[in-house]
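Take a look at the letters that make up each chain.
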Amino acid sequence: MHVGVAMFCTDYAMPPTELARALEERGFESLWLPEHSHIPLSRLSPYPQGGELPKKYYDVMDPFVVLGAAAAVTTRLKIATGICLVAQRDPIQTAKAVATVDRLSAGRFLFGVGAGWNADELADHGTKFSDRDKVMRERIEAMRVIWTQTKPEYHGEFVDFGPMMTWPKPVQKPHPPVLVGGEIPHGARRALAYGDGWMPHARRPTYRLLDRLAEYRALERAAGRTLPITAFAVEHDTAVWPAYRDAGIERIVLSVDPETAELILPKLDSWAKAGAEVA
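A. Representation of the packing of aromatic side chains. Taken as a whole and assessed by the stated rule, the structure comprises nine aromatic pairs. Relative to Trp-117, the ring of Tyr-47 lies with its centre 6.3 Å away and its plane at 55 degrees, an arrangement referred to as tilted. With a gap of 70 residues between them, Tyr-47 in the loop between β2 (30-33) and α2 (56-59) and Trp-117 in the loop between β4 (109-114) and α5 (119-124) connect regions that are remote in the sequence. What makes Tyr-47 buried here is its relative accessible area of 15%. Arranged with centres 4.3 Å apart and planes meeting at 20 degrees, the rings of Trp-198 and Tyr-216 form a pair that is stacked. Here the residue Trp-198 occupies a position in strand β8 (residues 197-199), and Tyr-216 occupies one in helix α8 (residues 213-223), the gap between them amounting to 18 residues. Here Trp-198 and Tyr-216 have matching classes, each one buried. Grouped by ring-pair contacts, the aromatic residues Phe-8, Tyr-47, Tyr-57 and Trp-117 constitute a single cluster. In this structure, Arg-132 is placed above the aromatic ring of Phe-129, and the distance from its NZ or CZ to the ring centre is 3.7 Å.

Here's what the structure looks like:
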């Protein structure tokens, strides 16, 4: 089982290049970066984890810029979006960003995606909350065409472009894995419909992933395919980690707060030791 780390990169946290080097030095598999373009002050959408929206959501850096920098200072560490809000991104430009980062990292990019929960934020990008799942699917389909064809074109309800040419193409073939976020059952069904992996949160206020895996396996059987699972925001209690490994989870991702190196590095040292024991 692989172990990765996620952080909201901000200007008051440990610099992401230092974090990336620290993760690689300690044997972690991957670095995961979330995104929010902005947070509308209308705040009509409740925070999924409950309570007030943490400050880091307002302050987070652009993931593709940071991942390019992380790629430049590492050689083995996988770099990933966790998650990229595809429903509020232009698919042609995002396809180029993904391919560029995959090139800069020599094929180490993982494309974690999600439809988004903040209706106000989506609306500012021209996407209706009710359309976000359909928009995300079309944009991912369009990006796959761009990555894999010399003269791609795509014609859908929300994405429509004629034959064109754009480079670079990704190093990974046919393209970097698309890991679809979301919970049971809807997010799992989206992942099984068009994803290369499923990336649910390990815990939500109303459930725990390990308690729902039997339900997910039934969805896999109904879909006629299986997907690797990345469990996001796993408990920091290392005693729990073997349960994820034993359940067949491919990867766990630990979320660290945007703090200074003095606070983050001791956590990484402890987690690295425990991660080696459950690998």
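B. View of the environment of Leu-263. Relative to the assigned elements, Leu-263 resides in helix α10 (residues 261-278). Note: C-alpha distance between Leu-263 and Met-14 (249 residues apart in sequence) is 9.0 Å.

C. Fine view of the pairing of β4. With six of six residues buried, β4 is to be regarded as a mostly interior element. Across the two faces of β4 the burial is the same, with Phe-109, Phe-111 and Val-113 and Leu-110, Gly-112 and Gly-114 all buried. Viewed along the sheet, the connection from strand β3 (residues 78-85) through helix α4 (residues 91-104) into β4 turns out right-handed. Alignment of β4 against strand β7 (residues 178-181), held across three bridges, turns out to be parallel. Residue pairing across strands places Val-113 opposite Val-180, the latter belonging to β7.

Basis of the calculations
Residues numbered from 1 in each chain as written. Predicted model: local features only at pLDDT ≥ 70, side-chain atom pairs only at ≥ 80, totals over all residues. Heavy atoms only, no water. Phe/Tyr/Trp six-rings, centres within 6.5 Å; stacked < 30°, edge-to-face > 60°. Helix = DSSP H or I, 4+ residues; strand = E, 2+ residues; numbered from the N terminus. Buried < 20%, exposed > 50% of the residue type's maximum accessible area, 1.4 Å probe, protein only. Lys NZ or Arg CZ within 6 Å of the ring centre and 35° of its normal. Right-handed = clockwise from strand over helix to strand, strands pointing away. Pairing = 2+ DSSP bridges.

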